[in-house]
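# Coordinates in review
Spelled out, the chains give:
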Amino acid sequence: MKLYREVNIGTEKKYYILGVLVFKKNLINIFYQKYKKLFKSYDNIYILNSNIGEAYLVFRYFAKNLIKNKTLFVATKKYHVDIIKMFFPACEYVLEEKINLDQFCSKFTFDNKEFTVLFNHSYYVELEKDMRNLKPRAHYYARMEDFFNCLGNITLEDVNPSEFIDDFLEQKLKNIRLNLDNFIFIAPEANSCLDIDDGLLKQINSRLNEKGFDVFWNLTKKHDDFKDYKTCFLSLIEALYLCSKAKAIISVRSGLAEFLSEADVPMYIFYSKLKNRAQYEQMSAKKVLNGFTLSKLPNYRDNIKEYIVDSEDDYKKFFDEILVELCKKM
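Because the structure is predicted, anything quoted here is derived from the model rather than measured. (Residues numbered from 1 in each chain as written. Predicted model: local features only at pLDDT ≥ 70, side-chain atom pairs only at ≥ 80, totals over all residues. Heavy atoms only, no water.)

Take the environment of Glu 97 next. Note on placement: Glu 97 falls in the loop between β6 (93–95) and β7 (107–110). Look at Glu 97 and you get partly exposed, because its relative accessible area is 48%. A sequence separation of 21 residues divides Glu 97 from Thr 76, and the C-alpha atoms of the two residues are 4.2 Å apart. Beyond its immediate chain neighbours, meaning those up to four positions away, Glu 97 contacts Thr 76 and Lys 78. (Helix = DSSP H or I, 4+ residues; strand = E, 2+ residues; numbered from the N terminus. Buried < 20%, exposed > 50% of the residue type's maximum accessible area, 1.4 Å probe, protein only. Contact = heavy atoms within 4.5 Å.)

Further remarks concern unusual backbone geometry. In this structure, the amide linkage connecting Leu 118 to the following residue, Phe 119, adopts the cis form with an omega of 5°. Along the chain, Phe 119 falls in the loop between β8 (113–118) and α5 (121–132). Look at Arg 177: it is not a glycine, yet its phi comes out positive at around 60°. By secondary structure assignment, the location of Arg 177 is in the loop between α7 (167–176) and β9 (183–187). One non-glycine residue, Asp 264, lies in the positive phi region at around 55°. Residue position: Asp 264 is located in the loop between α10 (255–260) and β12 (267–271).

What follows is about the side chain of Glu 189. Structurally, the position occupied by Glu 189 is in the loop between β9 and α8 (198–210). For Glu 189, a relative accessible area of 10% puts it in the buried group.

For the rest of this paragraph, the subject is the pattern of salt bridges. Side-chain pairing between opposite charges can occur once the charged atoms of the two side chains come close. One pass over the structure, following the stated rule, counts 15 salt bridges. For Arg 137, the salt bridge goes to Glu 145, with nearest N and O atoms at 3.2 Å. In this structure, the salt-bridge partner of Lys 172 is Glu 238, at a minimum N-O distance of 2.9 Å. Taken together, the residues span a long stretch of sequence, with Lys 172 in helix α7 and Glu 238 in helix α9 (residues 236–245) at a distance of 66 residues. Classification of Lys 172 as buried rests on a relative accessible area of 13%. What you see here is one network of salt bridges that share partners, running through Asp 130, Lys 135 and Arg 143. (Salt bridge = Lys/Arg side-chain N within 4 Å of Asp/Glu carboxyl O.)

Read from one edge to the other, the open sheet built from five strands follows the order β10-β9-β11-β12-β13, with strand pairing classed as parallel. Of all strands in the sheet, those with a lone pairing partner are β10 (214–217) and β13 (304–308), marking the two edges. Shown here is a sheet whose adjacent strand axes are inclined to one another by a mean of 20°, direction ignored. Inspection of the sheet shows strand β11 (residues 248–252) paired to β12 by four bridges, in the parallel sense. Each bridged residue has a counterpart across the sheet, and for Ser 251 the counterpart in β12 is Ile 269. (Pairing = 2+ DSSP bridges. Axes fitted to C-alpha atoms, helices over the stretch in contact; angles between N-to-C directions.)

Packing of α8 against helix α12 (residues 312–328) brings their axes to within 12 Å, and their N-to-C directions diverge by 15°. Overall, the two elements α8 and α12 adopt an arrangement that is roughly parallel. As α8 runs across α12, the sense of the crossing is right-handed. Facing Leu 200, Gln 203, Ile 204, Arg 207 and Leu 208 of α8, the residues of α12 in contact are Glu 312, Tyr 315, Lys 316, Phe 319, Asp 320, Leu 323 and Leu 326. Of the residues belonging to the contact of α8 with α12, the class tally is seven nonpolar, one polar and four charged. (Parallel < 35°, antiparallel > 145°, perpendicular 65-115°, else oblique. Left-handed = near helix turned anticlockwise from the far one by under 90°. Nonpolar A, V, L, I, M, F, W, Y, C, P; charged D, E, K, R; others polar.)

This paragraph deals with the sheet that holds β7. The strand order across the open sheet built from five strands is β6-β5-β4-β8-β7, with neighbouring strands paired in mixed fashion. Either end of the sheet is taken by a strand with one partner, and the two such strands are β6 and β7. Looking at each pair of strands side by side, their axes are set apart by 20° on average, direction ignored. The pairing of strand β4 (residues 44–48) with strand β5 (residues 71–75) spans four bridges and is parallel. When the bridges of β5 are listed, Tyr 46 appears paired with Phe 73. Along the sheet, helix α1 (residues 27–34) contacts β4, β7 and β8; its crossing angle with β7, the most-contacted strand, is approximately 65°.

Let us look at the packing of helix α4 (residues 78–87) against α9. At a minimum axis distance of 8 Å, the contact between α4 and α9 shows a crossing angle of 55°. One element, α4, and the other, α9, form an angle in the oblique class. Where α4 approaches α9, its residues Tyr 79, Asp 82, Ile 83 and Met 86 are matched on the opposing element by Leu 236, Ile 237 and Leu 240.

None of this, on its own, says anything about what the molecule does.
What follows is the structure in structure tokens.
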């Protein structure tokens, strides 16, 4: 038996000595006291606990429906702020990167203030479980409608990322010598779906270059053989602006993909298996498409094509088709 241990159970933290409970804390109370000054002027607080895709959907379709008197959105990642600036700059928001409410319940009330976590761990676990079992409305956009108990706002306004771009981006693109008149934007990485193999990426780069296309590679991970490839760090808004100048976007399915669909250029999205999670079998590419297809979003455009890939041969076959289509448009 351990002399001392701490255990988190839901929103309680319990302290044991020789197996005997000696003290417990309410984590909601601790959280609230820490940020009490931040919440002082607000009655409804939405805390973003999401990656790019879910945050994009919140502010593209739902945020206007959530506004009540004295409403605050709390961004916890810098790219949340990019998304807010693009789609709902009129809302009141703050950036607090150290807040993590992953284990909190989705909605709770404290000191007469309503808190909503967008979204907690159990939300994602249940959604993925339902996607695996092909349950009704197990699509991530439909599930968000259910969560908010409202339909997404389908009165859409086109966004103009150029409003947020400065000369620094132009200098970055000059430094990598990207041909802005004829390039393809490729995003081969994802947090959830399997990335495209480096060997295949090298083949794709060579074949596009042979056909006269330059390539911008959106990379965040280390690729030892990609030293000479054209890439640089881009904010979300910079990436969207650059994609609006591209001949096409090629991407694995990720949260970045639906955000970049706002560029309204031809887009080719590969759906692969989910990366291995210890407690589950890998979700098949077919089920990933069923649960995350962009075709069910209100602003879906017919210049988006989606592909199920289960092997490198699938990638090669579909890329051949894409290359033929791109060359016809030159």
